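Single-letter residue listing:
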Amino acid sequence: MTRITAESMQGARGPGAKRHSLATLAPQPNLSRRAFLTAGLATGGGLMLALSLPKPVEARGSGPGVRGAAAASAADTADAQVTAFIRIAPDGIVTIMAKNPELGQGVKTSLPMIIADELDVAWENVRTQTAPLDPAAFGPQFSYGSFSTPFNWDPLRRAGAAGRQMLLAAAAHSWGVAMTECETAAGVVHHRPSGRSLTYGELAHQAARLQPPDLASVPLKDPKDYHIIGKPTPQVDAARILAGEPVFGIDQSVPGMLYAVYEKAPVFGARVASTNLEAIKALPGVRDAFILRGEPAEVAVVNRGLVDGVAIVADRWHQANKALQQLQVQWAASPADAQSTAAFERQSTEFARQAPQQILRRDGDVDKAFYGAAKIIEATYAYPFLAHVDMEPQNSTAYARPDGTLEIWSPTQDPGGVRRLVASTLRIDPSRITVHMTRVGGGFGRRGDNDFAAEAAAISWQIRKPVKLLWNRRQDIQHDSYRPAGFHHFRGGLDTQGKLVAFSDHFVTFSHNGKVALCADLPTDIPPAAFVPNLQYAQSLIPLGQPTGHLRNPGYNGLAFAFESFLNELADAAGRDALEFRLDLFGAPRRVGNPLAIMGMHIPAFDTERVRGVLQLVAEKSAWGRTPLPKGTGMGLAFCYSHFGYAAEVVKASVNEDGTPRIHKVWVAADIGRQIVNPSGAYNQAQGAVLDGLGVALHEALTIRNGAVVNTNFNTFCPMRMHEAPQVEVHFRMTDNAPTGLGEPTLPPALPALTAALYAATGRRIRRLPIDPKQLAA
């Protein structure tokens, strides 16, 4: 039951609760006076509410763990943006538009839960509907970077609360009573003194004629009154998925649709010199085969547009895919032909012996500090290129109509990006393109690039018929936007007390066209920066022909392994416990760095109190240092701050006789603010990210030879198998900070915590991924 009271008008603070300025709440959307709610009559009767917000702005400020991938879809937005449609029908059914792509992370469920709770309706009376791509109506529509919750938490609460206010006002006017005498519960307004009540459906028509309240001052629920937020809730599409209904991109079907495959060069961007088109056209079921010309490799490697290739169109996909076996293509030479994994490793070793090409950050006097250090530790850590291997291979269905318009159905994380890239590829106005968002069978950042959509559109544009393009698994692995490899040449200096007094990293990474490749950069604020008096971060660049891109927790999915593993190595060299070493390193509770303004949110500076909180919590839950372990079994600890979330993890592991690791259990402590919106989704995301990280450490690596990726399927690029998955025990530390996303923060610590556990079990240090069982068996 929700009543409008003086306390709720003050923001629902309890007696003696601490007041916080905007800067102390993280991350908190900035609702200016330009944010407003509009109301009107819905088609068929009822109330339609539309929430409008100011245009998001690009990131400003700095802080550890924050990367600048947020504003990619801002090009689609106008000054006033509707970010939520709420429709209340006369029968009381509430329909909430789900504007962001659903990748399995649960935003089609969790974001409507926020609105529904503040609106005060019963969840069983809520329906969610996927919104069309309409940036003028909905604002930015994308799903990546763990932004969905922090960006939408406060605005969607206020949209729901404003709707509740309007329904209260409509009921009070109808009864001729004061609004403060009315209260709501489960989609009904009650006037207890008289015993009268009206359903939201009965009030919707009248409420639609009212002026919406000011969003900045609308009263919000006290969290103790939440009845939807914080309750485990199944995903709204779960029943449809279990029934096998066509909800994914790969399921789409259009009358008269043909099927296509598109073969590109093994070396990215190489041109088609010649091919046997006539022989392919004569094969059973093949309707057409032709060459498409794309952008130069040096352009496409950055913007991920269309590259040269051969399209095969057939009546059935298996016919097109079988025709690939007889396709013969001569590819033109490419500058990347000589690149290889082995060559990259040799270059890294050579760079390590030389002065770095660029100094990224220098604090204090590093040379003097190393000269005076009681002990110096040096080590090189390396991690490989990785593919995404989404369970649903890349695909899109496109229909280029005779009137010059194009319709496309795509499992994308960035539908606005589909429209922009397709318009650029076909050289048509974006307004002539209609994009339909389908459910996505795994994204992890890969589907933020839309090369597969551009290919489908170009093929359909050529034949002017509806066509579904579907990559096979080999193509999916060999034409990805890869997580870049990296080589870290570390030095650490300890004083006589075992304190870290000097630290340096010569990072050898990759470049495109002379600039650091996407996600191949080293953030200059990654710890231990700001916590060591003398520090230097530097880099050298290796030219790369393959495209790179975002993979779940970009950057930190490799950086955390290297940095946290070396911190564990330093702790051992100092003769100190890994937990104690970190608590001493981060020091007393304080804020470090500058607050960040991004996407209309205000993110406070890095908070060492929250670091200490998750470290101490995971130590408590895992009985760190207090559990006798059998010989050959070890425990390891690691921490990472990323995507506004704080996560610490402990892994317990041993090694089988053949050297393969056996992971017994993982403990996770995460701080993502004061509220978990949907615990079902939260635990799923936290556990899944940990397993992703462990799989990366155990098996995953791409090999490049003669400029091309040689891996072809799951037998040569191996994700974690079910029998390898350990129990993952997750604990959330609730702090007085606004909720943040959970799709990524728990992945990075899993890798260094595992390698630390294996070192404790075997005494063998793992400095290169993936883990080599031969090294442990020795």
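Not measured: the values here are computed from a predicted model.

What counts and what doesn't
- All residue numbers refer to positions counted from 1 along the written sequence of the respective chain.
- At least 70 in pLDDT is required for a residue's local features to be given in this predicted model, at least 80 for side-chain atom pairs to be given and counted, and no such filter applies to totals for whole chains, interfaces and linings, which use all residues.
- For the side-chain quantities, the full set of heavy atoms in the structure was used; hydrogens and water were omitted.
- Among buried residues, the Ala, Val, Leu, Ile, Met, Phe, Trp, Tyr and Cys ones that are joined through side-chain atoms within 4.5 Å form a nonpolar core.
- Three exposure classes are used, based on accessible area relative to the maximum for each residue type with a 1.4 Å probe and protein chains only: buried under 20%, partly exposed in between, and exposed over 50%.
- Note on conventions: DSSP H or I runs of at least 4 residues are helices, E runs of at least 2 residues are strands, and numbering of each starts at the N terminus.
- Should any heavy atoms of two residues lie within 4.5 Å, those residues are considered in contact.
- Expected helix span is taken as 1.5 Å per residue step, with the number of steps being one fewer than the number of residues.
- Following DSSP output, two strands are said to pair if at least two bridges run between them.
- Here the axes come from fitting lines to C-alpha atoms, over the contacting stretch only for helices, and the angles between their N-to-C directions go from 0 to 180 degrees.
- What pLDDT conveys is the predictor's confidence in a given residue, as a value from 0 to 100.
- Salt bridges are identified by distance alone: a Lys or Arg side-chain nitrogen within 4 Å of an Asp or Glu carboxyl oxygen.
- Given a residue, its bend is the angle between the two axes fitted to the seven residues that end at it and to the seven that start from it.
- Only Phe, Tyr and Trp rings take part, Trp by its six-membered ring, and two of them pair if their centres are within 6.5 Å. Stacked means planes under 30 degrees apart, edge-to-face means over 60, and tilted covers everything else.
- By definition, being over a ring means that NZ of Lys or CZ of Arg is both within 6 Å of the ring centre and within 35 degrees of the ring normal.
- Polar contacts, as used here, are pairs of N or O atoms within 3.5 Å; protein pairs need one atom able to donate a hydrogen and one able to accept it. Residues neighboring in sequence count only if both atoms are side-chain atoms.
- Relative orientations are named as follows: roughly parallel for angles under 35 degrees, roughly antiparallel for angles over 145 degrees, roughly perpendicular for angles from 65 to 115 degrees, and oblique for any other angle.
- Rotating anticlockwise by less than a right angle from the far helix to the near helix defines a left-handed crossing, while the corresponding clockwise rotation defines a right-handed one.
- Only Asp, Glu, Lys and Arg are considered charged in this grouping, and only Ala, Val, Leu, Ile, Met, Phe, Trp, Tyr, Cys and Pro are considered nonpolar; every other residue, Gly among them, is considered polar.
- Here the term right-handed applies to a crossover when the path leading from its first strand over the helix to its second strand runs clockwise, the strands being oriented away from the viewer.

Novice: I'd love a proper account of the nonpolar core, names of residues and values included.
Specialist: Ranked by size, the top nonpolar core spans 113 residues in total, and within it Phe385, Leu500, Phe503, Phe606, Phe639, Leu754 and Ile771 carry the most contacts. Ranked by residues supplied to this core, first place goes to helix α15 (residues 556-573) with 10 residues. When neighbours within four sequence positions are excluded, Leu754 is seen to be in contact with Val651, Ala653, Ile663, Leu694, Ala697, Leu698 and Ile771. Within the second largest apolar cluster, 34 residues are counted, among which are Ala116, Leu119, Val177 and Ile229.

Novice: I'd like a rundown of helix α13 (residues 451-463), residues and numbers included.
Specialist: With 13 residues, α13 extends 19 Å from end C-alpha to end C-alpha; this agrees with the ideal 18 Å at 1.5 Å per step. Burial within α13 is extensive, with 11 of its 13 residues counted as buried. Listed as buried for α13 are Asp451, Phe452, Ala453, Ala454, Glu455, Ala456, Ala457, Ala458, Ile459, Ser460 and Ile463. Two residues or fewer after α13 comes Arg464, characterised by a positive phi angle close to 55 degrees.

Novice: Account for the sheet that holds strand β32 (residues 645-655), with residues named and values stated.
Specialist: Ordered in space as β31-β32-β33-β36, the 4 strands form an open sheet in which the pairing is mixed. Of all the strands in the sheet, just β31 (633-642) and β36 (727-732) have a single pairing partner and so form its edges. Put simply, the sheet's adjacent strands are angled 15 degrees from each other on average, direction ignored. In this sheet, β36 lies alongside strand β33 (residues 661-671) in parallel orientation, the contact comprising 6 bridges.

Novice: Summarise the confidence of the model for the chain; cite the residues concerned and give the values.
Specialist: The predicted model of the chain averages 90 in pLDDT, with 89% of residues at 70 or higher. Contacts for the low-pLDDT stretch residues 1-34, under 50 throughout, to residues beyond four places or in other chains number 85 contacts. Long-range and interchain partners of residues 66-83, a stretch whose pLDDT sits below 50, account for 67 contacts in this model, where long-range means more than four residues apart.

Novice: Hey, could you go over the side chain of Gln685 for me, with residue numbers and the actual values?
Specialist: Examined against the element boundaries, Gln685 turns out to sit in helix α18 (residues 679-698). Setting aside residues no more than four positions away along its own chain, Gln685 makes contact with Gly104, Gln105, Arg552, Leu742, Gly743 and Thr746.

Novice: Please give an account of the pattern of salt bridges that cites residues and values.
Specialist: Any two side chains of opposite charge can pair, so long as their charged atoms come close to each other. Summed over all chains, the structure comprises 42 salt bridges. Residue Glu407 pairs with Arg401 through a salt bridge whose shortest N-O separation is 2.5 Å. Of the residues examined, Glu407 reaches a relative accessible area of 15% and is grouped as buried. Each of Glu118, Asp154, Arg157, Arg158 and Arg164 takes part in a single network of salt bridges with overlapping partners.

Novice: An account of the sheet that holds strand β14 (residues 286-292) is needed here, citing residue identities and associated values.
Specialist: Judged by pairing direction, the sheet is mixed, and its 7 strands sit side by side in the order β14-β15-β12-β22-β19-β20-β21 without closing on themselves. Of all strands in the sheet, those with a lone pairing partner are β14 and β21 (433-437), marking the two edges. Each adjacent strand pair in this sheet contributes to an overall mean axis angle of 20 degrees, direction not counted. As defined by bridge partners, β14 adjoins strand β15 (residues 309-314) across 6 bridges and the pair is classed as antiparallel. Opposite Asp288, over in β15, you have Val313 as the bridge partner. Packing against the sheet, helix α12 (residues 415-426) makes contact with β20 (406-410) and β21, and its axis sits at approximately 145 degrees to β21. Docked against the sheet, α13 engages β12 (258-264), β14, β15, β19 (395-400), β20 and β22 (467-470), running at close to 30 degrees with respect to β19.

Novice: Tell me what's going on with helix α4 (residues 148-175), and back it up with residues and numbers.
Specialist: Taking 1.5 Å per residue, 28 residues should reach 40 Å; α4 reaches 40 Å between its end C-alpha atoms and fits that length. If you look at α4, its biggest bend is around 30 degrees, right at Asp154, and the proline Pro155 turns up within four residues after that. Taken across its 28 residues, α4 has 25 buried, putting it largely inside the fold.

Novice: Pulling in residues and values, what's your account of unusual backbone geometry?
Specialist: Cis rather than trans, the peptide bond between Pro527 and Pro528 has omega equal to 20 degrees. If you trace the backbone, Pro528 turns up in the loop between β25 (515-516) and β26 (534-543). Positive phi outside glycine occurs at Ala530, with the angle close to 80 degrees. For Ala530, the position within the fold is in the loop between β25 and β26. Positive phi outside glycine occurs at Phe644, with the angle close to 70 degrees. As for its placement among the helices and strands, Phe644 is situated in the loop between β31 and β32.

Novice: Provide a residue-level description of the environment of Gln319, including the pertinent values.
Specialist: Mapping Gln319 onto the fold places it in helix α9 (residues 317-323). The spatial distance from the C-alpha of Gln319 to the C-alpha of Ala260 is 9.2 Å, given a sequence separation of 59 residues. If near-sequence neighbours (up to four positions away) are discounted, Gln319 is found in contact with Pro284, Gly285 and Ala314.

Novice: Summarise the packing of aromatic side chains; cite the residues concerned and give the values.
Specialist: Inspection of the entire model under this criterion finds 23 aromatic pairs. Ring geometry for Tyr381 against Phe561: centres 5.7 Å apart, planes inclined by 75 degrees, an arrangement best described as edge-to-face. Placement of Tyr381 in strand β18 (residues 375-383) and of Phe561 in helix α15 is noted, with a sequence separation of 180 residues between them. Looking at Tyr381, the relative accessible area reads 0%, which means it is buried. For the ring pair Phe503 and Tyr537, a centre distance of 6.4 Å and an interplane angle of 80 degrees mean the geometry is edge-to-face. Separated by 34 residues along the polypeptide, Phe503 in strand β24 (residues 500-512) and Tyr537 in strand β26 bring together distant segments of the chain. Its relative accessible area of 0% is what places Phe503 among the buried residues. Site record: aromatic cluster; members linked through ring pairs are Tyr381, Phe490, Phe503, Tyr537, Phe561, Phe563 and Phe566. Sitting over the face of the ring of Trp471, Lys264 holds its NZ or CZ atom 4.2 Å from the ring centroid.

Novice: Could you give an account of the environment of Ala573, with specific residues and numbers?
Specialist: On the secondary structure map, Ala573 appears in helix α15. A relative accessible area of 21% means that Ala573 is categorised as partly exposed. For Ala573, the residues in contact, after removing those within four places along its chain, are Lys375, Ile377 and Leu494.

Novice: Got a sec to walk through the side chain of Arg483? Specific residues and values, please.
Specialist: Residue position: Arg483 is located in the loop between α14 (473-478) and β23 (486-494). Separated by 2.7 Å, the side chain of Arg483 and the backbone oxygen of Pro384 make a polar contact. Ignoring any residue separated from it by four or fewer positions in sequence, one finds Arg483 in contact with Tyr383, Pro384, Phe385, Leu386, Gly549, Leu551, Asn557 and Gly558.

Novice: Go over the environment of Glu118 with me, naming the residues and quoting the values.
Specialist: Structurally, Glu118 is set in helix α2 (residues 107-119). Considering only alpha carbons, one finds Glu118 and Pro219, 101 residues apart in sequence, at a separation of 9.7 Å. Within the structure, the side chain of Glu118 is placed 3.2 Å from the backbone nitrogen of Lys221, a separation counted as a polar contact.

Novice: Explain the packing of α18 against helix α19 (residues 750-762) to me, using residue names and the numbers behind them.
Specialist: Viewed as axis vectors pointing N to C, α18 and α19 meet at an angle of 55 degrees, and their least axial separation amounts to 8 Å. Looking at the two axes, α18 sits oblique to α19. Between α18 and α19 the crossing geometry is right-handed. Where α18 abuts α19, its residues Val690, Gly693, Leu694, Val696, Ala697 and Leu698 lie against Ala750, Leu751 and Leu754. Of the residues belonging to the contact of α18 with α19, the class tally is 8 nonpolar, 1 polar and no charged.

Novice: Lay out the pairing of strand β7 (residues 94-98) with the relevant residues and their values.
Specialist: β7 sits mainly inside the fold: 5 of its 5 residues count as buried. Of the two faces of β7, the one holding Val94, Ile96 and Ala98 and the one holding Thr95 and Met97 are both buried throughout. Here β7 runs beside strand β8 (residues 126-130); their pairing, made up of 5 bridges, is parallel. Paired with Val94 across the strands is Val126, a residue of β8. Crossover β7 to β8 through α2 is right-handed.

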